[in-house]
Amino acid sequence: MSGTFVGMPVFHPSTQPAFAEAARDAVRDGTLRGTLRHATHTIRAKRAKAVAEVADWAALREAGKRIKDHTLRHLDRYLEQLEAAVTAAGGTVHWAADAGEANRIVTRLVQETGESEVVKVKSMATQEIGLNEALEAAGIRAYETDLAELIVQLGKDRPSHILVPAIHRNRGEIREIFAREMGEWGRAAPEGLTDTPAELAEAARLHLREKFLRAKVGVSGANFMVAETGTLVVVESEGNGRMCLTLPETLISVVGIEKIVPTWRDLEVFLQTLPRSSTAERMNPYTSMWTGTTREDGPRTFHLVLLDNGRTDTLADEVGRQALRCIRCSACLNVCPVYERAGGHAYGSVYPGPIGAILSPQLRGTGSDIDASLPYASSLCGACYEVCPVAIDIPEVLVHLRERVVQGGEATRGGNKVVLKPARGHAAERAAMRAARWTFTYPGALRAGQRLASRTRRLHPRTLPGPGRAWSGTRDLPPVPAEPFRDWWQRTRGGKGAAK
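Residues numbered from 1 in each chain as written. Predicted model: local features only at pLDDT ≥ 70, side-chain atom pairs only at ≥ 80, totals over all residues. Heavy atoms only, no water.

A. Just the sheet that holds strand β4 (residues 217-220), in detail. Pairing is parallel in the open sheet, where 6 strands are placed in the order β1-β10-β7-β4-β2-β3. Edge positions in the sheet fall to β1 (92-96) and β3 (141-144), since each of these pairs with one other strand and no more. The average angle at which neighbouring strand axes cross in this sheet is 25°, direction not considered. (Pairing = 2+ DSSP bridges. Helix = DSSP H or I, 4+ residues; strand = E, 2+ residues; numbered from the N terminus. Axes fitted to C-alpha atoms, helices over the stretch in contact; angles between N-to-C directions.)

B. How the structure looks around the sheet that holds strand β5 (residues 224-226). Read across the open sheet, the 4 strands follow the order β8-β5-β6-β9; overall the sheet is mixed. Two strands bound the open sheet, and with one partner strand each, they are β8 (260-261) and β9 (286-291). Across 3 bridges, the pairing between β5 and strand β6 (residues 231-236) is antiparallel. Bridge assignment links M225 to a residue of β6, and that residue is L232.

C. Structural view of the pattern of salt bridges. According to the stated counting rule, one finds 24 salt bridges in the structure shown. One salt bridge in this structure joins R300 and E249, with 3.4 Å as the shortest N-O distance. Of this pair, R300 sits in the loop between β9 and β10 (301-307) while E249 sits in the loop between α11 (240-246) and β7 (250-256), and the two are 51 residues apart along the sequence. You can call R300 exposed: its relative accessible area is 55%. We note a salt bridge from R311 to E258, for which the minimum N-O separation is 2.7 Å. In this pair, R311 is assigned in helix α13 (residues 311-315) and E258 in the loop between β7 and β8, connecting sequence segments 53 residues apart. (Salt bridge = Lys/Arg side-chain N within 4 Å of Asp/Glu carboxyl O. Buried < 20%, exposed > 50% of the residue type's maximum accessible area, 1.4 Å probe, protein only.)

D. Representation of the confidence of the model for the chain. On average, the chain scores 92 in pLDDT, and the residues at 70 or more come to 97%. Low pLDDT, under 50, characterises residues 1-5; the stretch is placed with 14 contacts to residues that sit more than four places away or in other chains. (pLDDT = per-residue confidence, 0-100. Contact = heavy atoms within 4.5 Å.)

Encoded structure:
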């Protein structure tokens, strides 16, 4: 193999601009917007059809919510049960408090095998912690095997969607990436490769098969972990996961601590809701489950790295903790009008869209420009809540986080209670909220203000000056009625005999 191994760029919060700035170029890119619109509309239409087939969908949704909430309330007990079950089955459990510790653990485990290459599947958690870059620094090459992740890696790009990380790429771009880069990473693309889906998929299959057969170490994530048996579960549609999970001699799984469910019976609920919400399938083509190790089948060595990285801090927030219910189906992205226009890169995180807007600021804190702006990357239309298979009230958490950004206040960081300072650039918003609070506290002042606004309504501008221009630049101010409601009510006999 020739060339220099270069991993995909990582989302570093300190280097990411605020959401509005990052989204500015995306909304002006007509090709990108067209690609996103077609893809998201197609996925959500198929999902709606798949969900409509299930008569008890609302009951399944409520069951998933309750299972997740129960598990989060007793997370310490279930994690200890999981550790005992994995250990009894021949696996080894490692605990990682943050990204740095997780990267050191995985790097050491790979180095102990003497290998310098790993194949990867279900790697969202490893992208969160920047594992590829940490392995690269230690001289270890990590190869993504999911088709979309492969496209992103070969293109030295970043994922932009939870389910379809290369959703921002069209077929022509993918063909160019394969033709240009595959030879530098392994088996080259066939001569005369076209942009037909079948040819692109076959080129990827041949390229990856070489790596599957050679790799001695696999690195995975997991969709679920079953506490009562120590079983890990990966659901996927391509078969690359099955290859990564069964062929290598050593398997290392990096999984967020919130991915746990108590029992096999609980798992049954999510194996119905996840495929329909994500790929619009009745069930995933490949559902792989493994419990520790056996002599006759699969990897001979299994390591489970349980990743915190801000999750227990999120758990301490009574409103924000519901984000930890997320099963990464991506349904919220496909209905979000903001994501459809801005794309995933503007969110500055491996978790884009509505769920990323509430998860990233909690995992990473709101100290950076991007994380302080993410709670505002929403119209609060509520479509994300309506499609969420575990009923995460994303608008509620967004408003909660906006309050934290503007007002500061108590939060948990690194397991310790801290008092956050208000973010920069929100002084006018804080002043407006204080004025509103004072006005609503004194009914007389509110009544006088309403009357003054009604009597001077002909003088009101259609747009706001100064900082308010950002809001009214794309919409007119609502007109003020000629008479306040309170005055109208009193004038019409105090409400007596009002229209019924």
